[in-house]
Amino acid sequence: MALGGWSRRVVRALAEVVLPDGGDAPTVPTSQIVDFVVSYVPHLPTLLRLLFPVGLMMLELGAFVLGPSLLPFSAMSLARRRRYVDGWVHGGWRIRRDLIKAVKGLCLLAYYSDARVRARLGYAVETHVADVSAERLRRHAANI
Amino acid sequence: MLQTFDEIAAGGRDITVDADVVVVGSGAGGGAIAAELAEGGRSVVVVEEGGHYTSKDFSLDAATMIKKLYRNAGSAPILGRPNIIFSEGRCVGGSTVINGAMSWRTPDKVLKRWQWEHGLAELSPEALDPFFTKVEQRVSVGPQDPESIGEDARLMQRGADKLGYAWVPAMRSQKHCCGANNCAFGCPTDAKQSVLVTYVPRLLAAGGRLFSGCKVERVLTDGQRATGIVGRFRHPESGARGPRLTVRAKIVVLACGAVQTPALLLRNGLTNSSGQVGRNFLCHPNAKVVGVYDKPIHAWKGTIQGNQIREFIDEGIMITTSMVPPGLLAMSFPYFGARSWEVMRDYDKMLAAGCLVEDTGTGRVGLDLFGEAKMRYDINDRDFANLIRGVALSSEILFASGARRVLLPFDFMTTLESADDIKQLFAHPIPKDEVECLTVHAMGTCKMGVDKRSSVVDSHGESWDVPGLFVADASVFPGPIGVNPQITIMALATRTGRWLLDNEQRYFH
């Protein structure tokens, strides 16, 4: 089951909050993050896959009750969304913390896996693997 | 012969195959027993749900590989207090493709416990020695070449030495591992001697067959004995349906791991007269702490684990390095937005250490509304206290090695600024559901024993209820082992294979 446009909108609104911004944090297109989350959901166990959009709906419509806000989550200003998400992350309800942890985690996995971000962090894993692989062959070619 | 989903789907027709043995799963247990039997002259068919990927397919991009190599993209939740993320491989080679290749024999104290408490007198260190030796040769267990040890392992060692804590150099299944540190997403150099590059080639060379991308749905019986399996080919990534596979066999071996094996048995209503299938679920809960140093240490350079701190192993706590790519590390922190970047920009100065707890409590694997495996595990008070102690000891070692602060796996208490702060961990009770916990070791859900009223299989892995049905994975462990389980799984599976070959008249005529 693919996530629809409505779910994508909520994920996008959340991604804008949880992705690093400002300072020297590289910018990664939000659409790239949303695409990753959407591509990840089909891999979840069936029950979680079905509950995923329900959780997003809680996030979106919970704003009316928990915000409290006259606007759904995805229509709030960025500053308001930040405060709202902060309430979920640090709130007392475990179900809210678990839900936000899961979606936030996926957004951050996609962000920090981006080549630009990895480069900024100094995580030059491609170069490292190429170097040590070549060295391994040079030293041990006869024994492997 | 190895046939993938794409090759079978192109043919379009259902397939029926006859064999002496069908093995479900191609990981540590399935790979070992399949090769043992094929080399012993038996016709063997292995059925693997995941795809077939080799080092040519392995990329260094965690976000991509996690979807290809892991079941549920590494995100299966074990529900309880706290929720625990469980990751296991789902590909040809199983979890050996994505594990750290840590290779330890079952500790003698564990085997003694199994003898005393579960009556498994045959599983003495002496009796198992030939199987351990054989397995260690097959997967090239040995110490790391010194040049492959990373700065993270050296720092851990330095911290432990300063505190007088005992440590051991890592023993791993590898051939001149060069410290690429991409074990969790497939070894890019084939230095790691996973089942993919050891037992699978042996199986195929001995005439065995392996079907990948096929999910086994039914275990066939004639009312008494196991007689085969029925599976459905499904594309490992898209899930697209393909033809059906039927394997008629004299022996059926389940080696799908300690979560999927009991789930398959429960779906089929098999071998549960004891009521023990899925119970006794053990998972070695573990938590990660991250030291942040003043200078770059490039913890991602060098082998995944260069040593293990064994000072507290008799208390059920094992500590080691466990560096992961930035995406996976960031998602385990409670931070987001600008704060996430503030913390993660020090990635190159970070060292991640994991503490593993040998559990004394148990959980349960059952089926959910959709017939899929569901896991339930509430960490008990004793194990939780050990986990917190493990976090404290890991923090102490990191500070002793020069860390300027330590990031904790808790939702609310997130940082320690000095070793003096460690006592804060014990000042107030930490709520269980505020700890970030994970595991890659599932065990115990079809436990072996000598009494069919309290165990699922006998001491050779054969079902008490269904003759000819065997289990050859970590499900059969009657208790936790406190160390990485790969070698124990392989040795017990090899022993089961040898038992079948030595009792040819009973099983194959």
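Residues numbered from 1 in each chain as written. Chains lettered and ligands numbered in written order. Predicted model: local features only at pLDDT ≥ 70, side-chain atom pairs only at ≥ 80, totals over all residues.

1. Remarks on the overall build of chain B
Scanning chain B for helices and strands turns up 14 helices and 22 strands. Taken over C-alpha atoms, the radius of gyration comes to 22 Å for chain B, in line with the 23 Å a tight globule of 509 residues would show. Taken along the three principal axes of its C-alpha coordinates, chain B extends 70 × 50 × 45 Å. Here chain B holds 509 residues, and the buried ones make up 61% of them. By sequence separation, contacts in chain B at least 24 residues apart represent 75% of the contacts at least 6 residues apart. (Helix = DSSP H or I, 4+ residues; strand = E, 2+ residues; numbered from the N terminus. Rg over C-alpha atoms; globule rule 2.2 N^0.38 Å. Buried ≥ 20, exposed ≤ 12 C-beta atoms within 10 Å, placed from the backbone. Contact = placed C-beta atoms within 7 Å.)

2. Describing the overall build of chain A
A count of helices and strands for chain A gives seven helices and zero strands. Counted from the first residue to the last, chain A has its helices and strands arranged as α-α-α-α-α-α-α. For chain A, whose C-alpha radius of gyration is 19 Å, the value lies well above the compact-globule estimate of 15 Å for 144 residues. For chain A, the share of sequence-separated contacts (at least 6 apart) that also reach a separation of at least 24 residues comes to 59%.

3. Notes on the nonpolar core
Among the nonpolar cores identified, the biggest contains 214 residues, and L14 and C107 of chain A together with V22, V47, V253 and L351 of chain B are the most heavily contacted of them. With 10 residues, the single largest contributor to this core is helix α5 (residues 94-113) of chain A. For L351 of chain B, the residues in contact, after removing those within four places along its chain, are D152, L155, V290, G291, Y293, I297, A299, T321, M323 and L398 of chain B. (Core = buried A, V, L, I, M, F, W, Y, C linked by C-beta atoms within 7 Å.)

4. Observations regarding helix α3 (residues 62-69) of chain B
Two residues of an α-helix separated by three or four positions point the same way, owing to the 3.6 residues in each turn. Among the eight residues of α3 of chain B, six are classified as buried, and the element is accordingly described as predominantly covered. Tucked inside the fold, the buried residues of α3 of chain B contact α2 (30-40) and α5 of chain A together with α9 (326-332) of chain B.

5. Focus: the interface of chain A and chain B
On the side of chain B, 43 residues touch chain A, which itself brings 41 residues to the contact. When residues of the side of chain A that touches chain B are traced back to their parent elements, those giving at least two are α1 (5-18), α2, α3 (46-66), α4 (78-90), α5 and α7 (125-140) of chain A. Here the side of chain A that touches chain B gets 10 residues from one element, more than from any other, and that element is α5 of chain A. Its residues assigned to classes, the side of chain A that touches chain B comprises 20 nonpolar, 11 polar and 10 charged. (Nonpolar A, V, L, I, M, F, W, Y, C, P; charged D, E, K, R; others polar.)

6. Description of the pairing of strand β9 (residues 209-212) of chain B
All names here are of chain B. Burial along β9 is two-sided: the face carrying R209 and F211 and the face carrying L210 and S212 are both buried. With two bridges connecting them, strand β1 (residues 2-3) and β9 associate as parallel partners. Across the sheet, residue Q3 finds its bridge partner in β9, namely F211. Here four bridges tie strand β3 (residues 44-48) to β9, and the two strands are oriented parallel to one another. When the bridges of β9 are listed, V46 appears paired with L210. (Pairing = 2+ DSSP bridges.)

7. Quick word on the domain arrangement of chain A
Examined at the domain level, chain A breaks down into domain 1 (5-113) and domain 2 (117-144). A separation of 36 Å is found between the C-alpha centroids of domain 1 of chain A and domain 2 of chain A. (Domains from an automatic or database assignment.)

8. Focus on the domain arrangement of chain B
Residue and element names in this part refer to chain B. Splitting chain B by domain gives domain 1 (2-52 + 91-99 + 104-138 + 194-278 + 446-508) and domain 2 (144-171 + 179-183 + 283-439). Measuring from the centre of the C-alpha atoms in domain 1 to the corresponding centre in domain 2 gives 32 Å. Each partner contributes to the interface: domain 1 provides 12 residues, whereas domain 2 provides 15 residues. Looking at the side of domain 1 that touches domain 2, its residues break down into seven nonpolar, four polar and one charged.

9. Description of the packing of α1 of chain A against α4 of chain A
Residue and element names in this part refer to chain A. For the pair α1 and α4, interaxial distance at closest approach is 9 Å and the crossing angle is 85 degrees. Regarding the angle of α1 to α4, the classification is roughly perpendicular. Contacts between α1 and α4 involve A13, L14, E16 and V17 from the former and L78, R81, R82 and V85 from the latter. Class assignment for the residues of the contact of α1 with α4 results in five nonpolar, no polar and three charged. (Axes fitted to C-alpha atoms, helices over the stretch in contact; angles between N-to-C directions. Parallel < 35°, antiparallel > 145°, perpendicular 65-115°, else oblique.)

10. Considering α3 of chain A
Residues and elements named next belong to chain A. In this model, α3 (21 residues) spans 28 Å end to end at C-alpha, consistent with the 30 Å of a helix rising 1.5 Å per residue. For α3, the principal kink sits at E60 and spans about 35 degrees. The set of residues buried in α3 consists of F52, G55, L56, M58, L59, E60, G62 and A63. The elements touched by buried residues of α3 are α1, α4 and α5. (Expected span 1.5 Å × (residues − 1). Bend = angle between axes of the 7 residues up to and from the residue.)

11. Considering unusual backbone geometry
Residue and element names in this part refer to chain B. The peptide bond linking R81 to P82 adopts the cis configuration, its omega dihedral lying at -5 degrees. In this fold, P82 is placed in the loop between β4 (76-79) and β5 (84-86). In this model, D190 sits at a positive phi of 65 degrees, which is unusual for a non-glycine residue.

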